[in-house]
Amino acid sequence: MRRWLTFASTIGIIALVSLAQSSGEPVKPVEAVNATGLDCWCQVSVSYVKDADTVKGDVWLPWDVVLVNQDIRPEGWDAWEVSKRRDSIEAGEITDAEVVKGKKAKAELEELLKTGTLWVKPALRSRDPYGRLLSHWRVVQGFKVIEMKQYAVEHKWIRGSK
């Protein structure tokens, strides 16, 4: 199944690159993978968990292409903060209670990644305004697949949840 998905992704990328070359517009690898519309999940070698919704690591794309040392963030959810230093909070000041929740969520993600591997699927937009890769997240532990947005909701990692 994985070989088939890699093959299908590769064919889609070749088609997109050919189309883009004929139009004269360059195609970035992450956008090319996402633009295929395939369920193309890429493995991440996580080097550091910044908080429950941002990790740093290498993203393994098809053809053994690696995006090295990337900040990676899930699209569509925002976890509690682990410090009071965030500049982009729209909802106001970060409380001590939020920092406690953020540190707990970060520790839970680190624990998941000790026995599992993060896989990401490129989101509609490839990067956020801070240059972080945007993606959908899964953690795979053996035969168990954890959809991280659902997990974050269930474990109350998302800002604003009680």
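Cut-offs and rules
Residues numbered from 1 in each chain as written. Predicted model: local features only at pLDDT ≥ 70, side-chain atom pairs only at ≥ 80, totals over all residues. Heavy atoms only, no water. Helix = DSSP H or I, 4+ residues; strand = E, 2+ residues; numbered from the N terminus. Contact = heavy atoms within 4.5 Å. Areas by Shrake-Rupley, 256 points an atom, 1.4 Å probe, with all protein chains shown as cover. Phe/Tyr/Trp six-rings, centres within 6.5 Å; stacked < 30°, edge-to-face > 60°. Buried < 20%, exposed > 50% of the residue type's maximum accessible area, 1.4 Å probe, protein only. Lys NZ or Arg CZ within 6 Å of the ring centre and 35° of its normal. Pairing = 2+ DSSP bridges. Core = buried A, V, L, I, M, F, W, Y, C linked by side-chain atoms within 4.5 Å. Salt bridge = Lys/Arg side-chain N within 4 Å of Asp/Glu carboxyl O.

Colleague: Would you mind showing me how to read the overall build of the protein here?
Modeller: Along the protein, the regular secondary structure elements total four helices and six strands. In the protein, 55% of the contacts between residues at least 6 apart in sequence involve partners at least 24 apart. About 9,700 Å² of surface is accessible on the protein, with carbon and sulfur atoms providing 56% of the total.

Colleague: Would you take a moment to explain the packing of aromatic side chains for this structure?
Modeller: The way to describe two aromatic rings as a pair is by their centre distance and the angle between their planes. Evaluated as defined, the whole model comprises three aromatic pairs. Between Trp 77 and Trp 157 the ring centres are 6.5 Å apart and the planes differ by 45°, which places this aromatic pair in the tilted class. In this pair, Trp 77 is assigned in the loop between strand 3 (65-74) and helix 3 (96-115) and Trp 157 in the segment after helix 4 (148-154), connecting sequence segments 80 residues apart. Aromatic pair Tyr 151 and Trp 157: ring centres 5.3 Å apart, planes at 75°, arrangement edge-to-face. For the pair shown, Tyr 151 and Trp 157 are each scored as buried. Taken together, the ring pairs in this structure connect Trp 77, Trp 137, Tyr 151 and Trp 157 into an aromatic cluster. Against the face of Trp 80 rests Lys 101, its NZ or CZ located 4.3 Å from the ring centre.

Colleague: Could you clarify how one ought to interpret the pairing of strand 3 in this entry?
Modeller: Across a regular strand the side chains alternate sides, sitting on one face of the sheet and then on the other. Relative to strand 3, strand 2 (residues 54-61) runs antiparallel, the two being bridged by six bridges. Following the sheet pairing, Trp 60 is matched in strand 3 by Val 66.

Colleague: Even after reading the chapter, I still don't get unusual backbone geometry, so can you show me in this structure?
Modeller: Most peptide bonds take the trans form, and the phi angle of most residues other than glycine is negative. Of note, the phi angle at Asp 64 is positive, near 60°, even though the residue is not glycine. Along the chain, Asp 64 falls in the loop between strand 2 and strand 3. In this structure, Lys 156 takes a positive phi of about 60° despite not being glycine. On the accessibility criterion, Lys 156 (46% relative accessible area) is partly exposed.

Colleague: Can you help me understand the nonpolar core in this one?
Modeller: In this structure, Val 59, Trp 137, Met 148 and Trp 157 are the most contacted members of the largest nonpolar core, which totals 27 residues. Where this core is concerned, the elements lending two or more residues are strand 1 (42-51), strand 2, strand 3, helix 3, strand 4 (117-127), strand 5 (133-141) and helix 4. Take this core: its biggest share by element is four residues, from helix 3. Excluding its chain neighbours within four sequence positions, the residues that come into contact with Val 59 are Cys 42, Gln 43, Val 44, Val 65, Val 66, Leu 67, Ile 72, Val 120 and Leu 133.

Colleague: Hey, could you run me through the environment of Ala 123 in this one?
Modeller: Note on placement: Ala 123 falls in strand 4. Residue classification places Ala 123 among the buried residues on the basis of a relative accessible area of 2%. Distance from Ala 123 to Gly 76, taken between C-alpha atoms, is 9.4 Å for residues 47 residues apart in sequence.

Colleague: Help me understand the environment of Val 44, please; the structure alone is not making it clear to me.
Modeller: Relative to the assigned elements, Val 44 resides in strand 1. C-alpha of Val 44 to C-alpha of Ile 72: the two residues are 28 residues apart in sequence and 9.3 Å apart in space.

Colleague: Teacher, can you tell me more about the pattern of salt bridges here?
Modeller: When charged atoms on two side chains of opposite charge get close, those side chains can pair. Scanning all chains against the criterion turns up ten salt bridges. Here Lys 50 makes a salt bridge to Asp 71, at a shortest N to O gap of 2.9 Å. One end of the pair, Lys 50, is in strand 1; the other, Asp 71, is in strand 3, and 21 residues separate them in sequence. Note that Lys 104 is salt-bridged to Glu 108, the shortest N-O span being 3.2 Å. Separated by four residues within a single helix, Lys 104 and Glu 108 lie in helix 3, roughly one turn from each other. The exposure class assigned to Lys 104 is exposed, which follows from its relative accessible area of 54%.

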